[in-house]
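Architecture and fold: a report
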Amino acid sequence: MQDSILRLESPTTDVVIKTHPFAEIVYWGPHLHHFSPQDAQSLIRPVANGRLDVDIPLTLMAELGHGLFGAPGIEGHRQGLDGSPVFRTVAIEQQGQSLTINAEDEHAGLRLTSELALDESGVLVVRHGLTNLRAQPWQVDRLAVTLPVSERAKEVMAFHGRWIREFQPHRLTLEHDSFVIENRRGRTSHEHFPALMTGTPAFGEMHGDVWGVHLGWSGNHRLRAEVKTDGRRYVQAEALYLPGEMAIAEGETLWTPKLYASYSAQGLNGMSQQFHRYLRDHIIRFPENKPRPVHLNTWEGIYFNHDPEYIMRMADEAAALGVERFIIDDGWFKGRNDDHAALGDWTLDEKKYPNGLMPVINHVKNLGMEFGIWVEPEMINPDSDLYRAHPDWVLALPGYPQATGRHQLVLNLNIPEAFEYLLERMSWLLGEHPVDYVKWDMNRELVQPGHLGKAAADAQTRQYYRLLETLGQRFPQVEFESCSSGGGRIDYEVLTRCHRFWASDNNDALERNTIQRGMSYFFPPEVMGAHIGHHKCHATFRQHSIEFRGLTALFGHMGLELDPLTVDEHEREGYRRYAALHKQWREVIHHGTQWRVDMPDATTQAQGIVSEDQRQGLFIVSQLAMPDYTLMMPLRMPGLAPDAQYRISLLDHPNIRLTGEGGHTMRKLPAWMEAPQTVSGEWLMQAGLVLPILDPETAILIGVERV
Ligand code: DGJ
């Protein structure tokens, strides 16, 4: 057995693989300091009575054909034949911490290529390629990546959500059978973010073993956490194919999306920090190495009411507030006066912009800001010139009526003329105007997506990637944001082609606290669009102070989502202050290490970002509801250098007043707020810092600086 045992290693995590006769991951856990291949013999299993007489491996492809009896990693057939493949390893190649395993089933006429790469960050990336070796097509019903997790990983965490409520975490204890996430909405979706975390019971932000996975794919997907009746556990993730959707012809290879996996012995923070580091090292690529500019996006300020004179006045005010990138949202193109019409007609609305876009663009640029614009290329309104000319360009199955969503349908990007039309129109927009940034929206799910009578959700997703990729190559200086009714298309694969996500259409600071925390498990702050919205939030009608809104947007890629001309000076002063605060700290926020802090009172949410050199740290404490206890619990500040001394300062806070003002709950402030204190990093990490008593829906910002 020794000969066939290989190890991939990283400073935090190791993966041990038995390669022959069938490839099987036998270990995925903490880095091993004293490993030798014969150690793996300790895991040669007994064979139990009452079941098959041989040991059944949980292979890389989890084939049912071995007698696995759990959810297999592959399902498909060749007109009913060749439907139970078993892959036997034929060749392996290891280069550093990357491994390619080739396996074949000569009876079924299939080859499996498995790629595993363990990154320095501790993130393991796995994908499989399935090649058809025979003349007749092989119908692929399912093709998944399967990863075994420890028998100790009894708890599962995942996210549910919906429009204006993305990334809501939930948990369950999984003792038997499986937990499944299935997404058939045709985009990554608000509802079923493609990730799963499993861990030792009650794993938390700072403690517990956690095995987290994310499938990099912007279409339909299925994820599963499964317990076999013998106690072995695994997670599985795949692109979900609609009936008849996927077949591979002779010589063709179908690759699974990449599965990104992060094991942490230090709870969820460790998992997230590894993912963040991986993204920063390998996936996030900004056209220029410059600070993320502060945005103003016009959507909630003016909606469809585009008047260039007024927009230029908004830009004047934005620049005065410290905004660095000005984006005009929906409403600039021909006939787009509300959301009933015009999607598809990507020419300028000359009634609104009689002199073209250039006067606005020049004005914005003369103010020293970048210019951005909104598009939604994949969509078509039945009330559009494009639809009137090409009703057959709709992504649909013939004979069935399509339900509109936001009065729109989806364009079939598999039709070459439709694809070329969009490419030409977008190239006109980006080629003839000095656009720096595109907010690329996608507001309808795919219903009966069909091309030439066959299901085509997967093909549509690939064409969307191709369109975005082609534009990215043609216009490498342009940054793209992935928006889909807010956070409906957020994943690692689209992030290889874009630079920012619109996390949610909900700018309510209270709701944003949960949404953004959820998103932070997989994404670092610099790609998370976080805007200060109106005093009275448009999504919920809740009202929040500028301090709560400002601090809530601080730990992201900050912006404003409003009309600065219609607010009073107090509000404007707030925008100015928070834009300045964000700029002052964005180097730390966008490059530092993020920590979510477990607070004993669930009504308090705390998180911090510590600079890589541990010289500076920022901690936000948000009080989401009435505190459970009379006193706030001390804030432990992770990530500091234990042997360093830190000066603590309160950088921003609501108007904290003492008793006598009505409604406020303190007679005396914590001592550190009265007289500056210097405390050791170790003490702050272990004992913590007592907090002032906060009212519901307020937040404070605490800074620590090494002395
Ligand atoms: C949905 C997006 O999420 C919003 O931010 C805005 O861009 C609208 N679409 C515009 O129609």
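Check the entry above for the structure.
Remember, it's a predicted structure, so these values are computed and weren't measured experimentally.

Let us look at the overall build of the protein chain. On a plain count of helices and strands, the protein chain comes out with 13 helices and 37 strands. What you see for the protein chain is a C-alpha radius of gyration of 27 Å, in line with the 27 Å of a compact globule of 707 residues. Principal axes of the C-alpha set define a box for the protein chain whose edges measure 75 × 70 × 40 Å. Considering the protein chain as a whole, with its 707 residues, one finds that 61% of them fall into the buried category. Considering only contacts within the protein chain whose residues lie at least 6 apart along the sequence, 70% involve residues at least 24 apart. Surface accessibility of the protein chain: about 26900 Å² in total, with carbon and sulfur atoms responsible for 50%. Averaging the locations of the 66 positively and 92 negatively charged side chains of the protein chain gives two centres separated by 1 Å.

Another point: the layout of surface pockets. Size it by volume and the largest pocket reaches roughly 1000 Å³. If you trace the largest pocket, you find 38 residues lining it, with R277, R280, H591, G592 and T593 closest to the centre. Mapped onto the lining of the largest pocket, the elements with two or more residues apiece are β19 (258-264), α1 (267-283), α11 (569-591) and β32 (593-597). For the lining of the largest pocket, the leading source of residues is α1, giving seven residues. Taken together, the residues of the lining of the largest pocket sort by class into 10 nonpolar, 17 polar and 11 charged.

A few words now on the side chain of S427. Among the secondary structure elements, S427 is positioned in helix α6 (residues 416-431). Once residues lying within four places of it in the same chain are set aside, the contact partners of S427 are E432, L471, R474 and F475.

With omega at -5 degrees, the peptide bond leading from H20 into P21 counts as cis. Inspection of the secondary structure puts P21 in the loop between β2 (13-18) and β3 (24-30). The phi dihedral of A202 falls on the positive side, at around 60 degrees, and the residue is not glycine. Residue A202 is classed as partly exposed on the basis of its relative accessible area, which comes to 48%. The phi dihedral of S485 falls on the positive side, at around 50 degrees, and the residue is not glycine. Here S485 lies in the loop between β28 (479-482) and α8 (492-495).

Each α-helix turn comprises 3.6 residues. Residues three or four places apart therefore point the same way. Its 18 residues place the ends of helix α7 (residues 457-474) 26 Å apart at the C-alpha level, agreeing with the 26 Å of an ideal helix rising 1.5 Å per residue. All buried positions along α7 are accounted for by A457, D458, Q460, T461, Q463, Y464, Y465, L467, L468, T470 and L471. On its buried face, α7 is in contact with β24 (409-410), α6, β25 (437-440), β27 (454-455), β28 and α8.

Okay, the packing of aromatic side chains next. On inspection of all chains with the given rule, the structure shows 26 aromatic pairs. Consider the rings of F275 and F522, whose centres lie 5.1 Å apart with planes at 35 degrees: the pair is tilted. Separated by 247 residues along the polypeptide, F275 in helix α1 and F522 in the loop between α9 (509-520) and β30 (528-532) bring together distant segments of the chain. On the basis of an interplanar angle of 90 degrees and a centroid distance of 5.1 Å, the ring pair of W299 and F304 is categorised as edge-to-face. Assessed through its relative accessible area of 17%, W299 is described here as buried. Given a relative accessible area of 12%, F304 falls into the buried group. Aromatic ring contacts, followed pair by pair, group F159, F167, F193, Y260, F275, Y278, Y492, F501, Y521, F522 and F523 into a single cluster.

Turning our attention to the environment of A249. With respect to the helices and strands, the residue A249 is situated in the loop between β17 (247-248) and β18 (253-255). You can call A249 partly exposed: its relative accessible area is 33%. Considered as a pair, A249 and K351 are 102 residues apart in the sequence and their alpha carbons are 51 Å apart. If near-sequence neighbours (up to four positions away) are discounted, A249 is found in contact with N132 and P137.

This brings us to empty space enclosed by the protein. Scanning the model with the defined rule gives eight cavities of 30 Å³ or more in all. Lining of the largest cavity is provided by A23, T59, L60, M61, E63, F87, T89, I101, A103, L112 and S114. For the lining of the largest cavity, the secondary-structure elements that each account for two or more residues are β6 (98-105) and β7 (110-118). The residue makeup of the lining of the largest cavity, split by class, is seven nonpolar, three polar and one charged.

With that settled, the discussion passes to the sheet that holds β30. Pairing between the strands of a sheet comes from backbone hydrogen bonds, and it takes one of two forms, parallel or antiparallel. Read around the barrel, eight strands follow the order β20-β21-β22-β25-β28-β29-β30-β31 and close on themselves; strand pairing throughout is parallel. Adjacent strand axes in the sheet meet at a mean angle of 30 degrees, parallel and antiparallel pairs treated alike. Here β30 runs beside strand β31 (residues 557-560); their pairing, made up of four bridges, is parallel. Looking at β31, one finds that H531 is bridged to G559. The strands that helix α3 (residues 308-321) touches are β20 (295-297), β21 (325-328) and β31; relative to β21, the one it contacts most, it runs at about 150 degrees. Of the strands in this sheet, β30 and β31 are in contact with α11, which crosses β31 at around 165 degrees.

Next up on the list: the site of the ligand. The full set close to the ligand counts 13 residues, and D330, R406, K439, D441 and D505 are the nearest of them. D330 has a polar side-chain atom sitting 2.6 Å from an oxygen atom of the ligand. Contact distances for the ligand include 2.8 Å between an oxygen atom and a side-chain N or O atom of R406. Relative to its free-state accessible area of 290 Å², the ligand is covered by the protein chains to the extent of 98%. Grouping the amino acids of the shell around the ligand by side-chain chemistry returns four nonpolar, three polar and six charged.

A separate point is the pairing of strand β34 (residues 616-623). Judged by how many residues are buried, β34 sits mostly within the fold: seven of eight residues are covered. The pairing of strand β33 (residues 604-610) with β34 spans seven bridges and is antiparallel. Following the sheet pairing, I609 is matched in β34 by L618. Here β33 folds back onto β34, and the loop between the two strands holds five residues, one of which, Q614, carries a positive phi near 60 degrees. By the bridge criterion, eight bridges tie β34 to strand β37 (residues 698-706) in an arrangement that is antiparallel. Looking at β37, one finds that Q623 is bridged to T698.

Pairing within the open sheet is antiparallel, and its three strands lie in the order β1-β2-β3. With partners counted over all chains shown, the strands left at the sheet margins are β1 (5-9) and β3, one partner each. Along the sheet, successive strands turn relative to each other by an average axial angle of 15 degrees, direction set aside. Strand direction decides the pairing type here: β2 and β3, joined by six bridges, are antiparallel. Directly across from D14, in β3, lies its bridge partner G29.

Reading guide: rules and limits
- Every chain's residues receive numbers from 1 upward, in the order its sequence appears when written.
- Under the rules for a predicted model, residues below a pLDDT of 70 receive no local features and side-chain atom pairs below 80 are neither given nor counted, while totals for whole chains, interfaces and linings still include all residues.
- With hydrogens and water stripped out, all remaining heavy atoms of the structure feed into the side-chain values.
- Think of it this way: any DSSP run of H or I at least four residues long counts as a helix, any run of E at least two long counts as a strand, and we number them from the N terminus.
- Every radius of gyration here is taken over C-alpha atoms, with the globule rule written as 2.2 Å times N^0.38, N being the number of residues.
- Burial classification: accessible surface area is computed with a 1.4 Å probe over protein chains only, and a residue below 20% of its type maximum counts as buried, one above 50% as exposed, and the rest as partly exposed.
- Throughout, a contact is declared for two residues whenever any of their heavy atoms are within 4.5 Å.
- Per-residue and other accessible areas were derived by the Shrake-Rupley procedure at a 1.4 Å probe size, with only the shown protein chains allowed to occlude residues.
- Asp and Glu count as negative and Lys and Arg as positive, but His and the ends of the chain are not part of the count.
- A charge is said to be at NZ when it belongs to Lys, at CZ for Arg, at CG for Asp and at CD for Glu.
- The pocket and cavity definitions rest on a 1 Å grid over protein atoms only: a 1.4 Å probe that fits but cannot leave marks a cavity, an open set with protein on both sides within 12 Å along at least five of seven lines marks a pocket, and residues lining either have an atom within 4 Å of a point.
- Grid points are joined across faces, edges and corners, and a volume is the space filled by probe spheres set on the points.
- We call Asp, Glu, Lys and Arg charged. Ala, Val, Leu, Ile, Met, Phe, Trp, Tyr, Cys and Pro are nonpolar, and the rest, Gly among them, are polar.
- Here the expected span of a helix is defined as 1.5 Å times the quantity of residues minus one.
- For Phe, Tyr and Trp, where Trp contributes only its six-membered ring, two rings pair if their centres lie within 6.5 Å, and the inter-plane angle classes them as stacked under 30 degrees, edge-to-face over 60, or tilted in between.
- By this definition, two strands are paired if DSSP reports at least two bridges between them.
- Think of each axis as a best-fit line through the C-alpha atoms, taken over the contacting stretch in the case of a helix, with angles from 0 to 180 degrees between the N-to-C directions.
- Working definition: residue near molecule or strand if any one of its non-hydrogen atoms lies within 4 Å of it.
- Nitrogen and oxygen atoms within 3.5 Å of one another constitute a polar contact, given that in protein one can donate a hydrogen and the other can accept it, and given that sequence-neighbouring residues count only through two side-chain atoms.

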